[in-house]
Structures are given as C-alpha cells and as structure tokens.
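Per-entry structural report
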Amino acid sequence: MSDLPVFPSGFVFGAATASYQIEGAAHEGGRVPSIWDTYCHTPGRVDGDDTGDMACDHYHRYPEDVALLRDLGVDSYRFSIAWPRVQPTGSGPANAKGLDFYSRLVDELLEAGIEPAATLYHWDLPQALEDQGGWRVRETAERFGEYAQIVAEHLADRVPRWITLNEPWCSAFLGYSVGRHAPGAQEGTGALDAAHHLLVGHGLAMKAMRAAGVREAGITLNLDRNVPAHDTPAGRAAAVRADTQHNLVWTEPILAGRYPATEQDTWGELITRQDFRREGDLDLIAQPLDFLGINYYRPIVVADAPYREPDPAHRVATDNRYQEVPYPDVRRTAMNWPVVPESFTDLLTALKDTYGEALPPIQITENGSAEHDVVDQDGGVHDPDRVAYLHSHLTALRAAMDAGVDVRGYYVWSLLDNFEWALGYAKRFGLDPRGVKAGSAHQGAVRVPAVCALVVECVGDG
Ligand code: FCB
C-alpha cells in the first residue's frame, strides 16, 4: 500500500489479547472460577451461553501463538494475567503452577524477540473476592495491590511494560450498573464505590510495581469521544455528563489529582454519600505514570434525555440523563460500531489540550474491528474491511502525533478471534481465526497477511 503512514523508528507495534478471552483450561493448574466463569455459566447471560472454558486453548497452545506473533512481525505482545490462576482465591500465597505458566509464556516471547507487555487485571476477578463484596469494597483494592506485588516480583526482570487495569469503566459500570458484564449487577452507589476502589487498586498496584523495580507502568482506559447530537446548551450538557461517566471519572483523579467538577451534575443524589473516599486516596491514585494506555474503537453520539428511573433509590449509576443515538451515515463494523477514524485523532488531541504537560506518553493498547469475515475460494480470509479500518486508524493516529501528541506504540486488538465477553464467539476481532468455535466454516482457514504487511510496512524512520 503506497499511502501508509510512516511512524518513527522505535515506535512499538504489537497485538493484544486477554486471559479469559483466549486461555481456556479453566480448571487446570490450580485455577478456580473468576466472576466471568460464574457469569458465563449462568444461563442466559452470554449470547449462545458461550463460555471461556476452552476459548482458544492458548494455555496449551501458547507456543503456536507466539509463533504466530513472530510471523506477524510485531515488536510486542500485550497479554493479561489471570488473577485466579496465580492467586486463586484472591488472597494468600501464590499458586506456583499459575506463575509458572506466565513465566514460560514470557520466556517463549523473549526467545522469539517479542517484548512482553502484561496487564494485571483484564476483568477476571477471583469469584471468592466477589463473594466478599467485589470492587464495591475497599478490601478488594488492597488484595489487588498484594496480587500486583506477587506478579511483579516474579516477572519484573523479564517484562518491561505493565498495565494495572484494563478499562476500569467496563469493570465498574458494565459490571455493577448496566449488568452486561460480570458480575452482572445493576446498582447505583455500588458502581460508584467500585469505580473508586478500582482507582485505589490501581494506585496500590503502581506502588507495588515500583517497589519491584518494573521498567514502565501505566493504566489502560477506554476513553470515549462523546459527541453532542445537538449543539444546544442541553445537548452539550448531556455530552459533559457522558464524558464524566466515561472519561473524567478516571482521567481527573489519575492525571490531575482531583475528582471531576461535573460529578454532582452527573450523578446527583447517588454521589451525595462520599464515605468511600479517604484522605490520601488522590495522592495514591495520581502517582506519575510512565504511559497512559488508551483503547479506542468508535465515537458515541449522545442526546439529552430524562432519567430512565426517576427514583434515585432504584437508579443505576449509568442513568445520567443522556441517551446514545446512532452515528449518522458511516460504515459500521460487525459490532455495529461506526467507523470514524477522525474521532480517534480528535480524542487524542483533545486529551493533550486538556491535560497538557500532565499527559504522559501514550500507548494505544487496543484498536481494531470485528468484521463479517468470509473464507474465499482460495481458502484465505482476505479481510478488506479490517485492513481498511486499521489503515484509516493508523493514519488518524499519525495525524494526532503530527499535531503534537506523544504516542509511543500501537497494539491491534486482537491476535486471535476470541471470546468477546457477553457476545460470546460471534464477533471476530482476530488477525488469525484460530479461536473460532469447532465446526465453523473458518476452521483451518488462513488469513491472507495483508494486515500483517500493513503493520510491518508502517515502521519507518519518518
Ligand atoms: C475492549 C476490551 C477487549 C475486547 C475489545 C473488543 O473493550 O478491552 O477485551 O473485548 O473491547
């Protein structure tokens, strides 16, 4: 492709996955259930009642997966560590077999010349901790700090890049308010408690990782571009409430050491009680980051709306007097997400405008698309829509860098088709189709390496 953007040498290209989405081996090596095992095994929760019991069988087939990464030519691989594998009940001593699995994976990566990047928490909370209150209670944040210490002490010498939490918005608000992610709760103050305790957990994990001498540590947020449907005072105010719930709740404490000034207008009665916040929490949460991880997929258009539940006693935390409306006239991926690459540029430049020097270097820790892949007559998946998506988003990313945003790396979501949470196996984000369910037409199909070429050709000296 001739019009590919060129990135500076040293820019990191990688691919990403997450433990529950690919590992399988749910009952092996001392692993016990996480909240996602429980959620998946509750009939009706996940589309098709799919589970991660086997997923891509990565636990057994990781050498093949590392070979795929090597053939793809990536510099780095972002994976996550399953807390219930290394510390099954979420407290107490480590499980040596669990740690050993990640140790072997890391060695395999290093041998293949691929830099490991580890996420400590990509949503698989040990069920035992959920039974004691989950992220609603502060003890879970404390346990998370201890777990971070165990893992970092074991792997810090070989893993240069660490991410504390992946998308805490999903953990707090999809998990405890919308109820479409594990543990499937629909609460008001419970979700706000969870958001704060995730932030505290992040702070404790940062401290533990610094003490263990990790080279680079940060957090990954799924910041959303919330576009007002109507350019009116009410329309703009609705977008600010959406921005508060999705973005400011994280970026304000982490990057500016304060709670969002707009939280009262966003949560009203739900945030009157503040006893979950303690003195010193903001200092813990606002520790300097080596990088901010950002996952970007699509913009959201929002309009002003009344509360869905007028009674605050029964209102969930994501009921903030706005509603999402469809993005007009653009292509949509198989997730029905609008494809708007310019909004990727806008998100990054707006973040730089807001936080200036307080914004650390950025790693794009996820970006990609699920498509209706078709196996062609030659047995290959030619992937034109995914190639176009990645191409346009890499171009948009380069535009943000040209506008002064310091971006150091980009990880495609995902290496493999995998377990897409509440949507089961129906949505395919992978560069390689191995993860598809047995019996599917894709079994054995090989992806034509256009995507791989795209990633490799983008690296230059520009
Ligand atoms: C992100 C998640 C990742 C995957 C992609 C499509 O929100 O971090 O696990 O599901 O979306």
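Being a predicted model, the structure only gives us computed values, none of them experimental. (Residues numbered from 1 in each chain as written. Predicted model: local features only at pLDDT ≥ 70, side-chain atom pairs only at ≥ 80, totals over all residues. Heavy atoms only, no water.)

1. Some remarks on the side chain of arginine 315
Summarising the element assignment, arginine 315 is placed in the loop between strand E8 (299-304) and strand E9 (322-325). Polar side-chain contacts of arginine 315 include one of 3.3 Å to the side chain of glutamate 269. For arginine 315, the contacting residues outside a window of four places in its chain are Glu187, Gly188, Glu269, Leu270, Tyr307, Glu309 and Pro310. (Helix = DSSP H or I, 4+ residues; strand = E, 2+ residues; numbered from the N terminus. Polar contact = N/O pair within 3.5 Å; in protein donor to acceptor, adjacent residues only side chain to side chain. Contact = heavy atoms within 4.5 Å.)

2. Considerations on the packing of aromatic side chains
Under the definition given, this model contains 32 aromatic pairs. Ring centres 5.6 Å apart and planes at 85° place the aromatic pair tyrosine 62 and phenylalanine 101 in the edge-to-face group. On the criterion of sequence distance, the pair formed by tyrosine 62 in helix H3 (residues 58-72) and phenylalanine 101 in helix H5 (residues 96-111) is long-range, its members being 39 residues apart. A relative accessible area of 9% means that tyrosine 62 is categorised as buried. Ring geometry for tyrosine 296 versus phenylalanine 344: centroids 4.7 Å apart, planes at 5°, classification stacked. With tyrosine 296 in the loop between strand E7 (291-295) and E8 and phenylalanine 344 in helix H13 (residues 341-355), this residue pair connects regions lying 48 residues apart in the sequence. Through successive ring pairs, a cluster of aromatic residues spans Tyr20, Trp36, Tyr39, Trp123, Phe419, Trp421 and Tyr425. (Phe/Tyr/Trp six-rings, centres within 6.5 Å; stacked < 30°, edge-to-face > 60°. Buried < 20%, exposed > 50% of the residue type's maximum accessible area, 1.4 Å probe, protein only.)

3. A look at unusual backbone geometry
Look at the link from alanine 182 to proline 183: it is a cis peptide, with omega at 10°. Turning to its location among the elements, proline 183 is positioned in the loop between helix H8 (168-178) and helix H9 (189-211). Despite not being glycine, alanine 25 has its phi angle at roughly 45°, a positive value. Relative to the helices and strands, alanine 25 is located in the loop between helix H1 (19-22) and helix H2 (35-40).

4. With respect to the side chain of threonine 365
Turning to its location among the elements, threonine 365 is positioned in strand E10 (residues 362-366). In contact with threonine 365, other than residues within four places in its own chain, are Ala16, Arg78, Ile163, Thr220, Gly293, Ile294, Asn295 and Tyr411.

5. Here we look at helix H10 (residues 233-256)
With 24 residues, H10 ought to run about 34 Å at 1.5 Å a step, yet its terminal C-alpha atoms sit only 26 Å apart, falling short of that. Largest kink in H10: about 60°, centred on asparagine 247. Among the residues trailing H10, glycine 257 stands out with phi positive, at a value near 65°. (Expected span 1.5 Å × (residues − 1). Bend = angle between axes of the 7 residues up to and from the residue.)

6. Considering the site of the ligand
All residues adjacent to the ligand are Gln21, His122, Trp123, Asn166, Glu167, Asn295, Tyr297, Glu366, Trp413, Glu420, Trp421 and Phe429. Coverage of the ligand by the protein amounts to 94% of the 290 Å² it exposes when considered alone. Grouping the constituent residues of the shell around the ligand by class yields five nonpolar, four polar and three charged. (Near = heavy atom within 4 Å. Areas by Shrake-Rupley, 256 points an atom, 1.4 Å probe, with all protein chains shown as cover. Nonpolar A, V, L, I, M, F, W, Y, C, P; charged D, E, K, R; others polar.)

7. Concerning the nonpolar core
Membership of the largest hydrophobic core comes to 128 residues, with the highest contact counts inside it found for Trp36, Ile81, Trp135, Trp162, Phe173, Trp250 and Leu397. Among residues more than four places away in sequence, those in contact with isoleucine 81 are Ser19, Val86, Tyr102, Ala118, Thr119, Leu120, Asp124, Tyr147, Val151, Leu155 and Trp162. Listed in part, the six residues of the second largest apolar core include Ala239, Ala242, Val302 and Tyr322. (Core = buried A, V, L, I, M, F, W, Y, C linked by side-chain atoms within 4.5 Å.)

8. Considering the pattern of salt bridges
All told, the structure shown has 30 salt bridges when counted by the stated rule. A salt bridge links aspartate 193 to arginine 273; the shortest N-O distance between them is 3.0 Å. Of this pair, aspartate 193 sits in helix H9 while arginine 273 sits in the loop between helix H11 (263-267) and helix H12 (281-285); the two residues are 80 residues apart in sequence, bridging distant segments of the chain. A residue is classified by how much of its surface remains accessible, and arginine 273, at 34% relative accessible area, is partly exposed. Salt-bridge contacts for aspartate 231 lead to arginine 236; the nearest nitrogen and oxygen are separated by 2.6 Å. When its relative accessible area of 65% is taken as the criterion, aspartate 231 is described as exposed. (Salt bridge = Lys/Arg side-chain N within 4 Å of Asp/Glu carboxyl O.)

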